[in-house]
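Inside the fold
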Amino acid sequence: MSFIEHDIANQERFNLLLLEPGEIYFEDYSVTYFPKGTAISDKDKRSQKGHLKICSKSVVFVPKALHFPILKLPLKNVSVVEEWTGDLFSRHDKDKVMKITSNVAVKMKENNIIGPYSFIKEAADYIFQLDYVSVDDCVPQICQLHRASTLPPGEQTAMINAIVLSRQSRCKFNTSWLEDLYETIQCETQGDRILPLVTNPGRIMLTCKRLYFQPFNNIEKVPVIKIKLKDISRVIKRRFLLRKIGMEIFCKEGAPYSHIYLSLPTPGERDSLYAKLLEQEELQLELSSKDDMMIKWQSKNLSNFDYLMFLNSQADRSFCDLTQYPVMPWIISDFTSSTIDLADEKIYRDLSKPIGALNEERIQKMRERYHEMPDPKFLYGSHYSTPGYVLFYLARIAPEYVLCLQNGKFDKPDRMFNSLDDTWLNCLEGAADFKELIPEFYEGNGEFLLNKGVSNFGIRQDGRPIGDVDLPPWAKDHHDFIGKMRAALESDYASEHLHHWIDLIFGYKQTGKEAEKADNVFYYMTYEGAVDLDKIEDPNERARIEIQIMEFGQTPKQLWNTPHPPRFTKDGPRHHSFTTVSSSSQENEELEVRAEESTQSAESSIAGSVQSCLSLEDISALSVSHQYTLHKSCVTGLQLTDDGCNIFSVSQDTLLKMYSLEDQRQLRSFNVSSMALSSCLVMPDNKTIVVGSWDNYVYFYSIEFGRVLDTLKAHDDAVSSVIWKNNVLITASWDSTSKIWQFIPPSELHIFDSANFLGQLDHESGVCCQDVDETGSFLVTGSEEGYVSMWSVSSLYQITEVRAHDGQVNAVSFSSDCRKFISCGSDGLLKIFDVETQTQMFFKNLGYQVLCLAWCDNTSMVLCGTDSGHLEVWDTDRAVMTTSVKGHNAPVTSIGVKSRCVLTGDKDGGVSVWKPV
């Protein structure tokens, strides 16, 4: 059930929707109303008991008897408000009777039925006897508000605000409502509770345990709303009417209140309350950044619907604000067929185009008009999300909202939401209809599609009354319709193309040249930052703009200014740049472009080397072609240059060695550090070797100059691993972290000057090993305590963590297709996990340790180096070992695969070169 559905279900006969949008209800008086023509003889018979509601723009009489209509007298149509001394009353009652003369009266909810208002446009006197107070207690308040109603809209608003401020400044929070005597008050201010089309002012009190909202009137069912801080799950700053003054608070499931939307007088007061709230110890928020959620969505741990709802919330869309109601895309374009096949791409709407550009003939006319238009130019004269469009869809369950928005009238019956097919066709062909959908089309019970008879919407031209919405032939009923719409939203087609629609609504195609190229330009006043209401001094001009904002719609806050990555498909992750850290920064935009270029280069390299990769036959025929003793102790890292000519190795003996396979001789032996070396890699330029050391440093060694050009103090303990992918260096350490550094392509003499530290990944224990997938998107790490974790490199989000081993994880490695990763540990176990679901696919207790491993490109084969000196080949598809060859007399501690060559190093400093026979 949406917020509006829930609100309607709990609505009292009198509610703020009977007033103008934004009108304030102050207080009420118990009265007796005497209709026109009442005589002394039938005074008791014709009189109506009820309450007189004093509001900022009207006076409303609500009779107790439900068959009588509610009577509203707009103050702008009132001519006289005074004490009345007619013959109906005794001398003792005369100071309690008042007369209001008005030339317009509005009748609402006669017989308690929601329907169009009746407007009585004739001058008449309305007589009310106050039951408990005198005329002097009531009439001056009405007269003051009546004077305000005679002013132009802006000046009227200013005067009403002054009246409101004066009244509210005399109201203090009633501390007797505090739940706990030991609560300490942290902050007290005033603000408004925001509901759809409704603003209700009150006092806000923040204590160390609760947030309180005490309305100034009695419209709420409870005198004070109390929210426990420990029940709060999220606190989000909002913009309200294009001003940054809103704050929405969401509560955990099961809490008495699901959420509350507050608006403060100024951005500063909002920020102050927000900061104070976040300081409280009782508050424990569920933090989810958009990068975290993006990764969850990409890896299919978050549905398309839930991701879009999250983006709506991040972009200031709220169910409490009809001007910024959550927006959802049309997905299906076929509303006429008797059956529908969700696997057929022809049934889907093109998500790369805005609604207004789906019809080529229509958009062509708009482009022509756009080019001839003076600045500020716009393609579309209406928006894809406005209060009117939201209520167009929800009219059957929210008729009072429609009457509030449309001055007491329903739309003409033939123009209402009567048919899915007609509505879709009008969005495609109508001259000014570009509306998208709302969340109710994809979740809930579909009750908004049914007319339950609570309102009389009228008769259509063909004689039919307004009934249920006509569903497509492929839907059995409203439940089936919602189910199939949701299935379409979660379909493979929608998953593969949804990022294009996100670019249009929330992303880089929302504004500027990209928006123009995408035919996605709306009226300038719908965009954030287009107008600063606080700087408009003319109250009438400000009021005019506020009304325009209310009615015309607002574009969501822009969340990205670079393309949104696609979702991972069933064929695995696609090559894409995932540099999303601080994506609004121009510097990172440039880095992202470079990363994309690097990725494309890597793709070309991979594609070019496919023919030279080890085949299944090669792997099964591997044998040692050369053996060398290059080091005095354990070999910890091995690399082969791209041309296959030179081997680079590092060891616990502190030496970096370079050995020529062509010349069969050692070319370099360099003492990098005074402590053991743990890992090495050859940078793509084939000129620089990156070395990790136990002294906490990373060294950058130049092959050309034969010396260390630069150093990086990377960690607080020994560096255990270094990885390079797409201009990103990832270092791991026994200090329980992995760190990510982004590089601008280095100059010849200064390697690290251009580095950008992106962040660190915290573990519970030392990180022994790590590997990155082929795209550079995911990192898998193994720890001293046996945990294997998978991370997003771009957002630093931990996707999963599993206790894979009892004891240290010796090695981890991704498959080349990025669908699986493997781990081995000191407990003798070999395990394989599925990347997408993070579930264990393979488990083998070997009875001995695998100390290092590597996945062979484009195959299901894994090479394992064991503590007995063997090189083993495992077929992961069949879960069997196919080959085991003795290659060393000591445990195999390091392994590397390049083209058709395999390198292994052992604990005694030996290195073996393996090639197919």
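Reference entry: report on the structure contained in this document. Residue positions are counted from 1 within each chain, in the order its sequence is given. Thresholds applied to this predicted model are a pLDDT of at least 70 for local features of residues and 80 or more for the giving and counting of side-chain atom pairs; totals over whole chains, interfaces and linings are not thresholded and use all residues. Remark: hydrogens and water are excluded; side-chain values derive from all non-hydrogen atoms of the structure.

A closer look at the overall build of the protein
- A helix here means a DSSP run of H or I that spans at least four residues, while a strand means a run of E at least two residues long, and both kinds are numbered starting from the N terminus. Counting its regular elements, the protein contains 17 helices and 44 strands.
- Its C-alpha atoms put the protein at 125 × 65 × 55 Å along the principal axes.
- For every residue, the accessible area obtained with a 1.4 Å probe (protein chains only) is divided by the maximum for its type, and the residue is called buried under 20%, exposed over 50%, and partly exposed between those limits. A buried classification covers 57% of the 917 residues belonging to the protein.
- We call two residues contacting when some pair of their heavy atoms lies within 4.5 Å. Within the protein, contacts between residues at least 6 apart in sequence are counted, and of these 56% link residues at least 24 apart.
- Taking the 93 positively charged and 126 negatively charged side chains of the protein as two groups, their mean positions are separated by 6 Å. Positive charge is attributed to Lys and Arg, negative charge to Asp and Glu, and no charge count is given to His or to the chain ends. The atoms used to mark charge sites are NZ of Lys, CZ of Arg, CG of Asp and CD of Glu.

So, the sheet that holds strand 44 (residues 910–916)
- Following DSSP output, two strands are said to pair if at least two bridges run between them. The four strands lie next to each other as 17-44-43-42, forming an open sheet whose pairing is antiparallel. Every interior strand has two partners, whereas the edge strands, strand 17 (622–629) and strand 42 (892–898), have only one. Pairs of neighbouring strands in the sheet enclose a mean axial angle of 20°, with direction left out of account.
- Here strand 17 runs beside strand 44; their pairing, made up of seven bridges, is antiparallel. Across the sheet, His626 pairs through a bridge with Val913, a residue of strand 44. Angles run from 0 to 180 degrees between N-to-C directions of axes, and those axes are lines fitted to C-alpha atoms, restricted for helices to the stretch in contact.

A few points about the pairing of strand 26 (residues 719–725)
- Within strand 26, seven of the seven residues are buried, which leaves it mostly tucked inside the rest of the structure.
- Pairing of strand 26 with strand 27 (residues 728–733), which is carried by six bridges, proceeds in the antiparallel orientation. Along strand 27, the bridge assignment pairs Lys725 with Val728.

A short note on the packing of helix 7 (residues 304–314) against helix 13 (residues 492–505)
- Where helix 7 contacts helix 13, the axes come no closer than 11 Å and their chain directions differ by 10°. Taken as axis vectors, helix 7 and helix 13 run roughly parallel relative to one another. Here helix 7 and helix 13 pass one another in a crossing that is right-handed. Residues Asn304, Tyr307, Leu308 and Leu311 of helix 7 touch helix 13, and the partners they reach there are Ala494, Ser495, Leu498, Trp501 and Ile502. Between 65 and 115 degrees an angle is taken as roughly perpendicular, under 35 as roughly parallel, over 145 as roughly antiparallel, and anywhere else as oblique. Handedness of each helix crossing follows the sense of rotation of the near helix against the far helix: counterclockwise by less than a right angle gives left-handed, clockwise gives right-handed.

Points about the environment of Ser674
- Turning to its location among the elements, Ser674 is positioned in the loop between strand 21 (665–671) and strand 22 (677–682).
- Owing to a relative accessible area of 71%, Ser674 belongs among the exposed residues under this scheme.

Some remarks on the pairing of strand 16 (residues 259–263)
- Of all five residues in strand 16, five are buried, a share of seventy percent or more.
- Residue alternation in strand 16 divides its side chains into two sets, His259, Tyr261 and Ser263 and Ile260 and Leu262, and both sets are buried.
- Pairing between strand 15 (residues 243–251) and strand 16: five bridges, direction antiparallel. Looking at strand 16, one finds that Gly246 is bridged to Ser263.

With respect to helix 7
- Burial analysis of helix 7 places nine of its 11 residues in the buried class, the great majority of the element.
- Turning to helix 7, its buried residues are Asn304, Phe305, Tyr307, Leu308, Met309, Phe310, Leu311, Asn312 and Ser313.
- Among the structural elements, strand 14 (232–240), helix 6 (290–298), helix 12 (478–489) and helix 13 are those in contact with the buried residues of helix 7.
- Asp316 lies just past helix 7 and shows a positive phi near 75°.

Some details on the packing of aromatic side chains
- A pair of Phe, Tyr and Trp rings is counted when the ring centres sit within 6.5 Å of each other, with Trp represented by its six-membered ring. The angle between the planes then sorts it: under 30 degrees is stacked, over 60 is edge-to-face, the rest tilted. Considering all chains together, one arrives at 36 aromatic pairs under this definition.
- Seen in terms of ring centroids, Phe441 and Phe448 are 5.1 Å apart; in terms of plane orientation they differ by 70°. Their pairing is edge-to-face. Both residues of the pair, Phe441 and Phe448, count as buried.
- Ring-pair connections join several aromatic residues into one group, and the members of that group are Trp330, Phe335, Phe392, Tyr393, Phe417, Trp424, Phe441, Phe448, Trp474 and Phe481.
- Put simply, a charge is over a ring when the Lys NZ or the Arg CZ is close to the ring centre, within 6 Å, and near the line of the ring normal, within 35 degrees. When the ring centre of Phe250 is taken as origin, the NZ or CZ atom of Arg234, which lies over that ring, is 4.2 Å away.
- Seen from the ring of Tyr370, Lys377 lies directly overhead, with NZ or CZ sitting 5.6 Å from the centre.

Details of the pattern of salt bridges
- The rule for a salt bridge is simple: a side-chain nitrogen of Lys or Arg has to be within 4 Å of a carboxyl oxygen of Asp or Glu. Inspection of every chain in the model, using the stated rule, returns 30 salt bridges.
- Arg239 serves as the salt-bridge partner of Asp316, at 3.7 Å between the closest nitrogen and oxygen. One end of the pair, Asp316, is in the loop between helix 7 and helix 8 (360–372); the other, Arg239, is in strand 14, with 77 residues separating them in the sequence. Side by side, Asp316 and Arg239 carry an identical accessibility label, which is buried.
- For Asp414, the salt bridge is made with Arg460, and the minimal N-O distance between the two is 3.7 Å. Taken together, the positions of Asp414 in the loop between helix 10 (399–405) and helix 11 (420–429) and Arg460 in the loop between helix 11 and helix 12 put the pair 46 residues apart, joining distant regions of the chain.
- Its relative accessible area of 36% is what places Asp414 among the partly exposed residues.
- On the basis of relative accessibility, which here comes to 15%, the residue Arg460 falls in the buried class.
- The structure contains a network of salt bridges with shared partners spanning Arg238, Arg239, Glu248 and Asp316.

So, the nonpolar core
- Judged by nonpolar contacts, the single largest core of 116 residues is most densely connected at Phe441 and Phe481.
- Here the element with the most residues in this core is helix 13; it accounts for seven residues.
- Discounting residues that sit within four places of it in the chain, Phe441 has contacts with Tyr393, Phe417, Leu420, Phe448, Phe481, Ile482 and Met485.
- Among the buried residues, those of types Ala, Val, Leu, Ile, Met, Phe, Trp, Tyr and Cys that are joined through side-chain atoms within 4.5 Å form a nonpolar core. Among the nonpolar cores identified, the runner-up in size contains 30 residues, and Phe26, Ala148, Ile160 and Ile163 belong to it.

Quick look at the sheet that holds strand 3 (residues 58–63)
- Ordered in space as 5-6-9-1-2-3-4-7-8, the nine strands form an open sheet in which the pairing is antiparallel. The open sheet has two edge strands, strand 5 (78–83) and strand 8 (118–120), and neither has a second partner. Neighbour-to-neighbour, the strand axes of this sheet turn through a mean angle of 30°, independent of strand direction.
- Taken together, the four bridges between strand 3 and strand 4 (residues 70–74) define a ladder with antiparallel strand orientation. Counterpart to Ser58 in the pairing with strand 4 is Pro74.
- Where helix 3 (residues 135–149) meets the sheet, it contacts strand 1 (25–34), strand 2 (48–55), strand 3, strand 5, strand 6 (97–102) and strand 9 (124–130), and its direction lies at approximately 160° from that of strand 5.

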